[in-house]
Amino acid sequence: MDRSQPAVVVEDLHRTFGNLKAVNGVSFSIDHGRVVGFVGANGAGKTTTMRIMATLDSPGSGKVSMGGHNVVHHPAKVRRLLGWMPDSFGTYEHMTVLEYLDFYARALGFKGADRLRRIQEVMDFTDLTPLADRMSNKMSKGQTQRLCLGRALLHDPQILILDEPAAGLDPKARVELKNLIRILAQEGKTILISSHILSELGEMCDSLLFIDKGRIVHHGDAESMVRGTETAGETLVNVQIAGEPAKLIEWALTAPLIKVEEETKRGARLRIQAADDATLAGVLRRMIQDGLPVLDYHREERRLEDAFIDMLGQIDKNTFKAQQPGELPQKNAEAAKL
Amino acid sequence: MNAAPAIMDFSDRLSPMVVKELRQGLRTRLFGGVLLTLHLMLVLLTLMSGGAENAAVVSGWFDGIATLVLCIIMPLRGFSAVADELKSGTLDMLALTRLSAGRIIFGKWAAIASQSLLLMLSIMPYVVARFVFGGLDLFGEIAALFYKWLAGVVIAAVIVALSTQRQFWLRAVIVFLPMLFGGCGAASFMMMSRMGGGMSSGLVFTSFTKSGGGGSVLLVLGMAAWAIFFFLSLAATRIAPAASLLSVIKRSVNLVALLSLMLLGWLTGSSAAMGMTAAGVLSLLMMDALTERVNEVPSVYAAFYQRGWPGRLALWLLAPGWVTGLAYSALLVALVSAYVGWARSVEEAKLIAVGAAGTWMIAALVQLFSTRKSRDLLPPFIIFWLIVNVMIATLGSLLMIPWAMKTTTVWFTCALPQLLQAGYTTAQAGDKAALLNLGMLTACIWPGALLIAAVFAWRRARAARQEGWRMIHGDQGGSAV
Ligand SMILES: Nc1ncnc2c1ncn2[C@@H]1O[C@H](COP(=O)(O)OP(=O)(O)OP(=O)(O)O)[C@@H](O)[C@H]1O
Ligand SMILES: [Mg+2]
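Since this is a predicted model, take the numbers as computed values, not measurements. Throughout, a residue's number is its position along its own chain's written sequence, starting from 1. Chain letters start at A and ligand numbers start at 1, both assigned in the order the entries are written. Since the coordinates come from a predicted model, pLDDT governs what is reported: local features require at least 70, and pairs of side-chain atoms require 80 or more to be given and counted, while whole-chain, interface and lining totals use all residues. Values reported for side chains reflect all heavy atoms of the structure, with hydrogen atoms and water molecules removed beforehand.

Remarks on the packing of aromatic side chains
Stated formally: The rule is short: rings of Phe, Tyr and Trp, with Trp giving its six-membered ring, pair when the centres are within 6.5 Å, and they are stacked under 30 degrees, edge-to-face over 60, tilted in between. Secondary structure counts use DSSP, requiring at least four H or I residues in a row for a helix and at least two E residues in a row for a strand, with both numbered from the N terminus. Only protein chains enter the area calculation, which uses a 1.4 Å probe; residues under 20% of their type maximum are buried, those over 50% are exposed, and those in between are partly exposed. We count a charge as sitting over a ring when the NZ of a lysine or the CZ of an arginine lies within 6 Å of the ring centre and within 35 degrees of the ring normal.
Within this structure, the stated rule accounts for 15 aromatic pairs over all chains. Measuring from ring centre to ring centre gives 6.1 Å for Phe28(A) and Phe38(A), while their planes differ by 50°; the resulting arrangement is tilted. Highlighted residues: Phe28(A) in strand E2 (residues 20–30) and Phe38(A) in strand E3 (residues 35–39), separated in sequence by 10 residues. Taking relative accessible area as the criterion, Phe28(A) reaches 1% and is therefore assigned buried. You can call Phe38(A) buried: its relative accessible area is 0%. Residue placement shows Arg171(B) over the ring face of Phe79(B); its charged tip is 5.0 Å from the ring centre.

This is how it looks when you write it as structure tokens:
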């Protein structure tokens, strides 16, 4: 595979179901070895896009190539490069974990001892060895998830498409999954993970793709997302003091450029009309000079979820305002480069 | 690890699908249950067969049980074979392996066929025992058992093909209707083959199995092999990716099968019988060719353009989609009716052409009522086919009633191509020629209508063909059709 070309290129992809535009002009590309999160609400078009990328559905129009091969023209070549984990993990009745993996290994063309070795590697990696003789359809969600990931990894694919891999997992299973994905990323695999749980993706991914109503509405890393929707020139600061919080509130009401956002148990969240570090440091210095017993003073990161919801709100507002030029965060027209 | 023996039990040479299906199948209670019940009953029967006076009764029961198990119960195991994988999403994951659509379907069928073979072999000792107890024709009994197995695996192919349809009710109707009418699953094959020709070519099929002789045995084997190929490839088309060129293989093999049937008839001097069989097969082939969606994948067309003018010629007959299917079916109809005209009579050739027009009619109706949403044309085709057949059955029996106004009722049969055959047989000798000519004329409406629809559909795929042409020839020179 030519590694100078992007691993994944999606150009102006459309897919309609009847009158419903499930995917409506999606473009992006992903370089080799990147881990990209694919974020959107229910019904945003994530699964539809991913299924087309995995050659399982036909695009209405537009072009998708994976590892340099067009998904429509050369599905067989694309399928060799691709590991796919669907949102519904299909397991079989009357089949043990070992037999399940054995079947897919056979189907992928592994023979004899080679097959055995590969199955063993995958079972070790996903920690399935103790479960080898379990019935594959009678396992917990986390175990099933690992089995499906194992199956997707059998042929050591270069590109992984994981549709909601973390859905329904408990915190421990999520951490395990995250670790597995981190290892795969270190091996240089290109990974696209969809989810609607943003905070998690933020940690795992190099960058994020936000999709809403079949369109890409934002692309970039998690920080840029948060900053992009931050109200310009304002910073939220969380302050805790020893003793009565009322003292802090009183102080804040008289201080210039500071508004109280919210009282907390041991202090307050303050909105400061400045974004630069010097001013923020200055505020802290003033607090101490005025005799406030500050225990904790930190800049509050906006949560990714809030940022995303804010952004969707902005888009809706803007579309509602009958498309005033130059205002929309319309990054859709030019292809997102990740 | 102790895993090795657990998964090395099946050879690498076996198809992975077969291994999977066998592992799953042998683990279910059903197979074991069937095996156990079967053997219990057979042991009882064998013990009872001591006396000569009840030998016929026992033999009847024996046949019945073997037929039930081999021709009905085992094939029905394929009832949800593909539908279940479709619903649980596992078919997607199979598609992403190196297994082709054809191998997936074949595996499903082969698993049933091999379990069925296992059952048949386990019945063999009872045949021998009965031979030892009371003298029966050992070879004949074994042959009969083998034919039951063969019929069973052909039926299994039909049922596996049906299982590519998600709708449970559709599958149920199609499987159980023939069983209701015909009493036995084998009838489903004959029902299907009645479609176009309207003659009882099923009769020809059964007469093969009865008559002895090495030649006819080979013929039966050949026909069974072809039928299995036909239904499995029909199924594979339903689950193959859009870029697949299955239609090329399918249509070529089917054409060759049809031609060999005719050639065989000519060589063995049984052209008349073969002509009728060919007519029966014809309707199945038409159904396959006329229910494919028009393909809009450029690389499919590029594969044809790559091969120069022979490729461009082949494109018209073999490219996936019902438009080329229309051309292909026209070729087949011309071939078969010419053959029948030569081997039997011109009238019968004309009747075959009219019968084919009936199949085209169904295809035209499907085009009228199909929406872009429903991707597979096979279910509407089968539904229309069922409706038309019910109509024909009721109207056709009307024609047989002596007091019906023969002259008028017979003439109105021209409206429905399939009815003409019944009308023709009941018409007075003097009227027959005129009736047939009028029937031919009115029957032309349907291929005509279909042709118009085909022109539009063909133009819709034009962009794809041009893109395919560009993939091969670049921007310079010539253009796609
Ligand atoms: N086969 C189909 N037929 C009809 N509509 C479909 C089909 N598949 C998806 N849709 C519709 O397309 C839209 C996008 O669906 P999609 O599954 O891509 O969303 P998603 O982003 O994956 O959502 P979720 O987070 O719920 O998985 C939805 O409105 C859905 O109803
Ligand atoms: Mg989804």
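Focus on the interface of chain A and chain B
Our working definition: Contacts: residue pairs with any heavy atoms within 4.5 Å of one another. Summed over both partners, the accessible area (1.4 Å probe) lost when two parts come together is defined as the buried area. We define a salt bridge as a contact between a side-chain nitrogen of Lys or Arg and a carboxyl oxygen of Asp or Glu at a distance within 4 Å. A 3.5 Å cut-off defines polar contacts: any pair of N or O atoms within that distance qualifies, except that in protein one atom must be a possible hydrogen donor and the other a possible acceptor, and neighbouring residues in sequence count only when both atoms are side-chain atoms. Gly falls in the polar group here, along with every residue not listed as nonpolar (Ala, Val, Leu, Ile, Met, Phe, Trp, Tyr, Cys, Pro) or charged (Asp, Glu, Lys, Arg).
Tallying the contact residues gives 41 residues for chain A and 37 residues for chain B. Surface buried jointly by chain A and chain B totals about 3,500 Å² across both partners, of which 64% is contributed by carbon and sulfur atoms. Sorting the residues of chain A by area buried against chain B places His73(A), Arg79(A) and Arg106(A) first, and these three jointly supply 18% of that buried surface. The partner of Asp92(B) in a salt bridge is Arg51(A), with the nearest N and O atoms 2.6 Å apart. In this structure, the connection of chain A to chain B is made through 13 residue pairs in polar contact (both at pLDDT 80 or more). In terms of residue class, the side of chain A that touches chain B is made up of 19 nonpolar, 12 polar and 10 charged.

Observations concerning the domain arrangement of chain B
Residue and element names in this part refer to chain B. Here is the rule: Where each domain starts and ends follows an automatic or database-derived domain assignment.
Split into domains, chain B comes out as domain 1 (14–180) and domain 2 (241–481). On a C-alpha basis, the centres of domain 1 and domain 2 stand 33 Å from each other. Here domain 1 packs against domain 2, burying approximately 520 Å² in sum over the two surfaces, 83% of which is carbon and sulfur. Counting the surface domain 1 buries against domain 2, the share from its top three residues, Gln165, Leu170 and Ile174, is 59%.

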